[in-house]
Amino acid sequence: MSAVATPDVSVDLAPRNPRELRLRNPIIAASGCFGYGEEYAGVIDIQRLGAFVSKGITPERRSGNPMPRIVESPAGMLNAIGLQNPGIHGFVKKYPALWELWTVPAIVNISAETVEDYAMMAAILDEQPGLAGIEINVSCPNIARGGYCFGWDPEMSAEVTRAVRDVTTLPLIVKLSPGAADIISVALAVEEAGADAISLINTIVGMAIDVRARKPLLANHTGGVSGPAIKPIAVRMVYQTAAAVRVPVIGMGGIMSLGDALEFFLAGASAVQIGTAIFVDPGLPIRLIDELSRWLDNEGFASLDQIVGIANEGFRLGERHVLTAWEAAGA
Amino acid sequence: MQATAARAPGRGSSREFESTVLAVEPIMGDAILLTVGAPPSLVERLLPGQFFNVACRFPGSFDPLLRRPYSVYRADREKSSLTFLVRPFGRGSAWLAKRAPGETLDMLGPLGNWYAIPPRSQRLLMLAGGVGVAPLVMLSDDAAAQGLDIVFVMGAADEHGLLPASELRGSIEYLVATDDGSRGHRGLATEIISDYVAWADQIYACGPEPMYRTLRAVADPLRIHRRPKVQISVERGMACGLGACLGCVVETRRGMIASCVRGPVFDLDEVVI
């Protein structure tokens, strides 16, 4: 018998769902940064990941935004890809059957402009093999509400969550937008509406100007900022959200190292997603799995859940105001 | 084509590896030739036009964050080394141009498709604009080794920006054009290719996008049934290099295509430029 104790880093991201979303480890490749998994299959051992989230799928095929779609920013990048994807019908023809052959859990990210379309996609996905769960991207314009972003409004986010919950028993993650004026209200609303887990943060809307041409650098004008530049914002939002809700929180935003990932766990994340870092350091997610186990072992922890939220005074206590007004204002 | 197919890398052959800088030599004004070591199996299977995404920052730094794509200027299969042409332009290339022998670089590759030399091709016209000359040097190395006839045309702002003729191996006809007339034809390189368009079996080009538009304007009236074929290499800002982010797409007749995996080499007749 081996005397070496290996810390338990497994996690169930859907504890209130009988279907569970059990991962062998808490390291997930983030949507939009990992294609459909196959793109990285030759570069890293993707089957070792805790899970991966597909590129965002929409009701219809989308050819995406004009170029340029990406531009570098200080310690980060802006992207405005425009959800280029084959559409839900093109997607189901290829990927569920492929993913069924894999051991790594595959999560599908979905985006739509109406509540009905979210539900339509979820109903189709519910019948597919090879899927471990759905991640709802609510950072899309709601056509019925004049294009106001679903994710900025608690009621609209809840409506989408409820509509998807009604048509599928698949584990459901709702990915929150940091553009919400009150992210805690959105988190509580989607939890109430049936989300099994909450992931955050999506990119932060930003812009860069070409000084010589005197116009925006991105063809779409605005884009989502990601990378290490946004990490402190993400850690703060995970800290606040993990105090308010009882479902698992999946943290992301600028993770480039074990130290970064640990910040999210200590703030209350039960798992983390790695996004932009994969572009520049594709080996990072796999290294993190090993480094996390080693760190827990060295620090004397028997399992990952022993560190989740321990830097967070209000962790899972329903503490809506875990930060004082002055702290929340950054003062 | 059989020789090419035998060492075709295909999808899934890319990897991340650390390489050591072996040599740095100045060339073409303020540019450098950066030679690095690489695994022999990788160098052996590399094809002209393929590229590597190079991290252009010190380990532990996140700025500039994104890797920079560099196509291979020359591959030495005996020494198992790769040479890149680097002109300091932005922050990434400025960092890379300051590296010294003995330092290590984080590379991801080889990435992308390659310039194809179809069977029975004998006469190749190559058109280079500025630092776009890089992949055509490797292509001309391979083509000259196969005994093919090559006309190599290069354009630059001035004579300092031109590739020295001594860098081309084999008996290659080398014509140059400069914007200021300091060497060769005064004007654009595309203005001196007319005589060779009908002569060539294949045309290969690498340079800025406006060059492709003038190439199309000059070559199309001289081509018959879209022959000779024109293969161009497209440069796009990119993030992943593996077809995952879709940040580097090129508009083609078949839709928006990731230039990092189904490019950077495209048929000029297929792309909307």
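Just so you know, these numbers come straight off a predicted model, no measurement behind them.

Draft legend 1. Layout of the pairing of strand β7 (residues 104-111) of chain B. Residues and elements named next belong to chain B. When strand β1 (residues 15-27) meets β7, the two strands line up antiparallel, connected through six bridges. Looking at the pairing, Phe17 lines up with Met107 of β7. Direction of pairing for strand β3 (residues 51-54) relative to β7: antiparallel, over a ladder of three bridges. Residue pairing in the sheet places Phe51 in a bridge with Leu111 of β7.

Draft legend 2. Broad picture of the domain arrangement of chain B. In terms of domains, chain B is made up of domain 1 (2-111), domain 2 (123-233) and domain 3 (234-266). The C-alpha-based centres of domain 2 of chain B and domain 3 of chain B are spaced at 23 Å.

Draft legend 3. Spotlight on the interface of chain A and chain B. With 31 residues of chain A at the contact, the number on the chain B side is 27 residues. The set of elements that each furnish at least two residues to the side of chain A that touches chain B consists of β5 (70-73), β6 (76-79) and α7 (276-280) of chain A. A per-class count over the side of chain A that touches chain B returns 18 nonpolar, 10 polar and three charged.

Draft legend 4. Quick peek at helix α6 (residues 209-219) of chain B. All names here are of chain B. Considered for burial, the residues of α6 that qualify are Met211, Tyr212, Leu215 and Ala219. Seen from one end, α6 has its buried residues packed into an arc of 100 degrees, which puts them on one side. What points out from α6, more than 90 degrees from its buried face, is the exposed set Pro210 and Ala217.

Draft legend 5. Layout of the sheet that holds strand β4 (residues 68-71) of chain B. All names here are of chain B. If you trace the seven strands from one edge of the open sheet to the other, you get β4-β3-β7-β1-β2-β6-β5, paired in antiparallel fashion. The strands lining the two open edges of the sheet, one partner per strand, are β4 and β5 (74-76). On average, each strand axis in the sheet is tilted by 35 degrees relative to the strand beside it, whichever way the strands run. Strand contacts of helix α4 (residues 134-145): β4, β5 and β6 (81-86), with the helix running at about 45 degrees to β5, the strand carrying the most contacts.

Basis of the calculations
Residues numbered from 1 in each chain as written. Chains lettered and ligands numbered in written order. Predicted model: local features only at pLDDT ≥ 70, side-chain atom pairs only at ≥ 80, totals over all residues. Pairing = 2+ DSSP bridges. Helix = DSSP H or I, 4+ residues; strand = E, 2+ residues; numbered from the N terminus. Domains from an automatic or database assignment. Contact = placed C-beta atoms within 7 Å. Nonpolar A, V, L, I, M, F, W, Y, C, P; charged D, E, K, R; others polar. Buried ≥ 20, exposed ≤ 12 C-beta atoms within 10 Å, placed from the backbone. Arc of directions from axis to C-beta. Axes fitted to C-alpha atoms, helices over the stretch in contact; angles between N-to-C directions.

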